[in-house]
Amino acid sequence: MSLHDDAVLVLKGYDTDREDQSELRRTYLDHLAGHPDGMWKACGAGHLTASALVVDPERGRVLLTLHRKLQMWLQMGGHCEPQDSTLASAALREATEESGIAGLILLPGGPVRLDRHPIPAPCHWHLDVQYAATAPAGATEQISEESLDLRWFPYDEVAGVADASVVRLVEGTRARLEQGR
């Protein structure tokens, strides 16, 4: 199965019992139907990306990266690569590379949220599929070349440093964690 096919299956199975997510899921599926290259950075109409919020539920905190190019506190994530066989594996790879933490485990249940945001030309849109991953006990982060900084933030401090999309991802992750208890 190709990464494109996996993305379609993931999105078709994505729970849309949330505010704007049903319409957004349809946008993603329409994009993939109209763009066989819609998984890749080279797709000028936009492309899917995969991200993961790294969370330490025992301490009630998340790890955010100060993105080098965007100069914003964000979850780990980025472009899909040819070696990625699934969206989930792309999100986990990105989170591991950008956090420097080995042994991250994606939360069960698939993506936590979808987020579509504009990016500078030549491409126009990132269609981000957002997962969450738990860090192992005692994990130590390490800054990658893509980051200016990495920092753990208590859940209630995220709104003070990050944009609304990250805040919604934290809220969705916390709800998912509560369901699993």
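Coordinates for the structure precede this section.
This section reports on the structure supplied with the text. (Residues numbered from 1 in each chain as written. Predicted model: local features only at pLDDT ≥ 70, side-chain atom pairs only at ≥ 80, totals over all residues. Heavy atoms only, no water.)

Examining the environment of Leu104
Okay, so step 1: You can see Leu104 is positioned in the loop between helix H3 (87–99) and strand S5 (105–106).
Okay, so step 2: Owing to a relative accessible area of 7%, Leu104 belongs among the buried residues under this scheme.
Okay, so step 3: Taking the C-alpha atoms as reference points, Leu104 and Met1, separated by 103 residues in sequence, lie 24 Å from one another.
Okay, so step 4: In this structure Leu104 touches Val54, Leu92, Ala95, Thr96, Ser99, Ala133, Thr134, Ala135 and Pro136, once residues within four positions along its chain are discounted. (Helix = DSSP H or I, 4+ residues; strand = E, 2+ residues; numbered from the N terminus. Buried < 20%, exposed > 50% of the residue type's maximum accessible area, 1.4 Å probe, protein only. Contact = heavy atoms within 4.5 Å.)

Topic: helix H4 (residues 164–180)
Okay, so step 1: Here H4 is 17 residues long and its end C-alpha atoms lie 24 Å apart, about the 24 Å a rise of 1.5 Å per residue gives.
Okay, so step 2: Buried within H4 are the following residues: Ser165, Val166, Val167, Leu169, Val170, Thr173, Arg176 and Leu177. (Expected span 1.5 Å × (residues − 1).)

Observations regarding the side chain of Thr65
Okay, so step 1: Structurally, Thr65 can be placed in strand S2 (residues 61–67).
Okay, so step 2: Among the polar contacts listed, one links the side chain of Thr65 to the side chain of Ser147, at a separation of 2.4 Å.
Okay, so step 3: For Thr65, the contacting residues outside a window of four places in its chain are Met72, Trp73, Leu74, Gln75, Met76, Glu98, Ser147, Asp149 and Leu150. (Polar contact = N/O pair within 3.5 Å; in protein donor to acceptor, adjacent residues only side chain to side chain.)

Digging into the packing of aromatic side chains
Okay, so step 1: Under the definition given, this model contains 1 aromatic pair.
Okay, so step 2: A centroid spacing of 5.0 Å and a plane angle of 80° characterise the contact between Trp73 and Phe153, whose relative ring orientation is edge-to-face. You can see Trp73 sitting in strand S3 (residues 73–74) and its partner Phe153 sitting in strand S8 (residues 147–154), a full 80 residues away along the chain. Comparing Trp73 with Phe153, the two get one shared label, buried.
Okay, so step 3: Positioned above the aromatic ring of Trp152, the side-chain terminus of Arg61 is 4.2 Å from the ring centre. (Phe/Tyr/Trp six-rings, centres within 6.5 Å; stacked < 30°, edge-to-face > 60°. Lys NZ or Arg CZ within 6 Å of the ring centre and 35° of its normal.)

Digging into the layout of surface pockets
Okay, so step 1: Reported here for the largest pocket is a volume of approximately 900 Å³.
Okay, so step 2: Together, 34 residues line the largest pocket, and His67, Leu70, His79, Ile119 and His126 are the ones closest to its centre.
Okay, so step 3: When residues of the lining of the largest pocket are traced back to their parent elements, those giving at least two are strand S1 (47–56), S2, strand S4 (76–79), H3, strand S6 (113–118) and strand S7 (125–134).
Okay, so step 4: If one sorts the elements of the lining of the largest pocket by residue count, S4 sits on top with 4 residues.
Okay, so step 5: Surrounding the second largest pocket, Asp56, Pro57, Glu58, Arg59, Arg61, Ala135, Pro136, Ala137, Gly138, Ala139 and Trp152 form its lining.
Okay, so step 6: In terms of residue class, the lining of the second largest pocket is built from 6 nonpolar, 1 polar and 4 charged. (1 Å grid on protein atoms, 1.4 Å probe; cavity = no way out; pocket = protein on both sides within 12 Å on 5 of 7 lines; lining within 4 Å. Points joined across faces, edges and corners; volume = space filled by probe spheres on them. Nonpolar A, V, L, I, M, F, W, Y, C, P; charged D, E, K, R; others polar.)

Points about helix H1 (residues 3–13)
For an α-helix, 3.6 residues make a turn, and residues three or four places apart therefore share a direction.
Okay, so step 1: The set of residues buried in H1 consists of Leu3, His4, Asp6, Ala7, Val8, Val10 and Leu11.
Okay, so step 2: Each element contacted by the buried residues of H1 is listed here: helix H2 (21–34), S1, H3, S6 and S7.

Digging into the pairing of S2
Okay, so step 1: Burial runs high along S2: 7 of the 7 residues are buried.
Okay, so step 2: Side-chain alternation along S2 places Arg61, Leu63, Thr65 and His67 on one buried face and Val62, Leu64 and Leu66 on a second face that is also buried.
Okay, so step 3: Counting the residues in the hairpin turn of S1 and S2 gives 4 residues, including Gly60, whose phi is positive at 65°.
Okay, so step 4: In the sheet, S2 pairs with S8 via 7 bridges, with the strands oriented antiparallel. Residue pairing for S8: Leu64 is matched across the bridge by Arg151.
Okay, so step 5: Bridging between S2 and S3 involves 2 bridges; their strand directions are antiparallel. By the bridge assignment, Leu66 is partnered in S3 with Trp73.
Okay, so step 6: Taking the residues between adjacent antiparallel strands as the criterion, S2 and S3 are bridged by 5 residues, where Gln71 takes a positive phi near 55°. (Pairing = 2+ DSSP bridges.)

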